[in-house]
Amino acid sequence: MMRPGNPENALIVFAEWASQVLRNLPGSLILVPVPGSKLAIDALPHDVGSKAHLLAEKAAEIIGPRARVVDILRFLEPHQSVKQGNSKARDRQWLKGQLRYVRYLDKAKFSEMTGQVILIDDVLTSGSHLMACHDFLRSSWPNLNPIALCAARTVKRYVDQPYPYPDIVTIT
């Protein structure tokens, strides 16, 4: 049951929407959360309140057994945002250079997984974190073609149609 003022509502709404968007994709779905700037190599997602991880978990729960969360990406160290003075925080190449796989990742086991890799992000601002994760995954697995699903997008001005984007976006 949805209750006003309950943050769980946003997770439920996103997960329901995600299940509708992803239901027509064939085969297994591998949901890879995009790490936030505070999610460093040794941190667990719950240590820093990773919204992308929570969104992916809730979506996988609703989608069912064909979806699994594979939380494998971290930053080498936490970094500040552009608002906090880090001019590199939106630099796709710099962010890619800061990404690492979690220490417990068995790359051989991950590469044997079959299914569509879907990068899950909570809020898309400039897209730099999302694109850096895409590039980082592709640097290890060139044939991988991840798609992205984001819960929200920031806008800096009023627009009549705030969601003119397709439900699933392929990053190039």
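Everything that follows concerns the structure shown earlier in this document.
As a starting point, this report considers the structure included with it. None of the values given here were measured: they were computed from a predicted structure.

Moving on, we come to the nonpolar core. Val32, Ile72, Leu73, Tyr101, Leu119, Leu130 and Leu137 are the most contacted members of the largest nonpolar core, which totals 24 residues. At five residues, the largest contribution of residues to this core is made by helix α5 (residues 128-140). Counting residues in each nonpolar core, the second largest holds 18 residues, with Val21, Ala59, Ala60 and Ile63 among its members.

As for its placement among the helices and strands, histidine 53 is situated in helix α2 (residues 51-63). Classification of histidine 53 as buried rests on a relative accessible area of 8%. Engagement of the side chain of histidine 53 in a polar contact is seen with the side chain of glutamate 57, the distance being 2.8 Å. Only 2.5 Å separates the side chain of histidine 53 from the side chain of aspartate 71, close enough to count as a polar contact.

Looking now at the side chain of histidine 79. Secondary-structure assignment places histidine 79 in the loop between β3 (73-75) and α3 (92-98). Side-chain polar atoms of histidine 79 contact the side chain of histidine 129, separated by 3.4 Å. If near-sequence neighbours (up to four positions away) are discounted, histidine 79 is found in contact with Ser37, Lys38, Asn86, Ala89, Trp94, Leu95 and His129.

The next thing to look at is the environment of phenylalanine 110. Here phenylalanine 110 is to be found in helix α4 (residues 107-112). For the pair phenylalanine 110 and valine 70, spaced 40 residues apart in sequence, the C-alpha separation works out to 8.7 Å.

Cut-off values and rules
Residues numbered from 1 in each chain as written. Predicted model: local features only at pLDDT ≥ 70, side-chain atom pairs only at ≥ 80, totals over all residues. Heavy atoms only, no water. Core = buried A, V, L, I, M, F, W, Y, C linked by side-chain atoms within 4.5 Å. Buried < 20%, exposed > 50% of the residue type's maximum accessible area, 1.4 Å probe, protein only. Helix = DSSP H or I, 4+ residues; strand = E, 2+ residues; numbered from the N terminus. Polar contact = N/O pair within 3.5 Å; in protein donor to acceptor, adjacent residues only side chain to side chain. Contact = heavy atoms within 4.5 Å.

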